[in-house]
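# Residue-level structural notes
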Amino acid sequence: MTETEKEQRRYALAISGGVCEVCGRPLRDGQPQGAHRIGNTQTNRAKYGDFVIDHRFNIGMTCSLKCNGALDISRDIGAVIRLCARIYAAEAQKYEVKK
Ligand SMILES: [Zn+2]
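Here's what I pulled together on the structure shown here. Sequence order sets the numbering: in each chain, residues are counted from 1 along the sequence as written. Residue-level local features of this predicted model are given only where pLDDT is at least 70; pairs of side-chain atoms are given and counted only at 80 or more, and the full residue set underlies all totals for whole chains, interfaces and linings. Only heavy atoms go into the side-chain values, all of them from the structure, while hydrogens and water stay out.

Within the protein, the atoms that donate to the zinc ion are C20 (SG), C23 (SG), C63 (SG) and C67 (SG), at distances of 2.3 to 2.4 Å. Here a donor is any nitrogen, oxygen or sulfur atom (N, O, S) within 2.8 Å of the metal, with 3.2 Å used for Na, K and Ca; water is not among the atoms considered, so some sites may look incomplete. Irregular is the label for any site that misses the other tests, which are tetrahedral for four donors with all angles between 85 and 135 degrees, and square planar for four donors or octahedral for six when opposite donors exceed 155 degrees and the remaining angles lie between 65 and 115. Here the zinc ion is ringed by four donor atoms whose angles at the metal span 102 to 114°, and the overall shape comes out tetrahedral. On the primary sequence, the residues serving as donors to the zinc ion are separated as C-x2-C-x39-C-x3-C. Placement of C20 in the loop between α1 (3-16) and β1 (33-36) and of C67 in helix α4 (residues 65-70) is noted, with a sequence separation of 47 residues between them. The helix and strand labels rest on DSSP assignments: H or I over at least four residues marks a helix, E over at least two residues marks a strand, and numbering proceeds from the N terminus.

This next bit is on the pattern of salt bridges. Within this document, salt bridges are pairs made up of a side-chain nitrogen of Lys or Arg and a carboxyl oxygen of Asp or Glu, the two lying within 4 Å of each other. In this structure the tally under the stated criterion is seven salt bridges. Between E3 and R10 there is a salt bridge, and its shortest N-O distance comes to 3.9 Å. Between D54 and R45 there is a salt bridge, with the nearest N and O atoms lying 2.9 Å from each other. Remark: exposure states derive from per-residue accessible area (1.4 Å probe, protein chains only) relative to the maximum for the residue type, with buried under 20%, exposed over 50%, and partly exposed in between. Under the relative-accessibility criterion, D54 is labelled partly exposed at 25%. When salt bridges that share partners are traced, they join E3, K6 and R10 into one network.

Two kinds of site are reported from a 1 Å grid over the protein atoms alone, namely cavities, where a 1.4 Å probe fits but cannot get out, and pockets, open sets with protein on both sides within 12 Å along at least five of seven lines, and residues are called lining when an atom falls within 4 Å of a point. Grid points are joined across faces, edges and corners, and a volume is the space filled by probe spheres set on the points. The space that makes up the largest pocket amounts to roughly 250 Å³. Around the largest pocket, the lining is made up of 13 residues, and of these M1, E5, Q8, H36 and I59 lie nearest the centre. When residues of the lining of the largest pocket are traced back to their parent elements, those giving at least two are α1 and β1. Per-element accounting of the lining of the largest pocket gives the leading share, four residues, to α1. Note on residue categories: nonpolar means Ala, Val, Leu, Ile, Met, Phe, Trp, Tyr, Cys or Pro, charged means Asp, Glu, Lys or Arg, and polar means any other residue, Gly included. The class makeup of the residues in the lining of the largest pocket is three nonpolar, six polar and four charged.

This part takes up the nonpolar core. In this structure, I38, Y48, V52, I53, F57, V80, L83, C84 and I87 together form the largest nonpolar core, which totals nine residues. Mapped by element, the contributors of at least two residues to this core are α3 (50-53) and α5 (77-93). Looking at this core element by element, the count peaks at four residues for α5. Apart from the residues within four sequence positions on either side, I53 is in contact with Q8, H36, I38, G39, N40, N44, R45, N58 and I59. Working definition of a nonpolar core: buried Ala, Val, Leu, Ile, Met, Phe, Trp, Tyr and Cys residues. They are joined through side-chain atoms within 4.5 Å. Judged by nonpolar contacts, the second largest core, of seven residues, contains C20, M61, C63 and C67. Note on contacts: a residue pair is in contact if any heavy atoms of the two residues lie within 4.5 Å.

This is the structure:
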């Protein structure tokens, strides 16, 4: 696991409250897995960049492969754009110029 992947996982676990983001089942009852909202595919990486695909906001915690699939928003272009906007807004704050 890379440092980025570890950070994603820590963040996803921290905000999940220990339950699956899709069905609400406690993660320990299933097979906990980090799920990409914008799918982790070469096409999506070329389109949106590693910056977006690997961002902590793009990962959610789910209890199973089925719920993992349900988190995918790749085909919902409006949702994808809103998520990208959130990611860019959060990252831009780190570089805000103090006046
Ligand atoms: Zn679930």
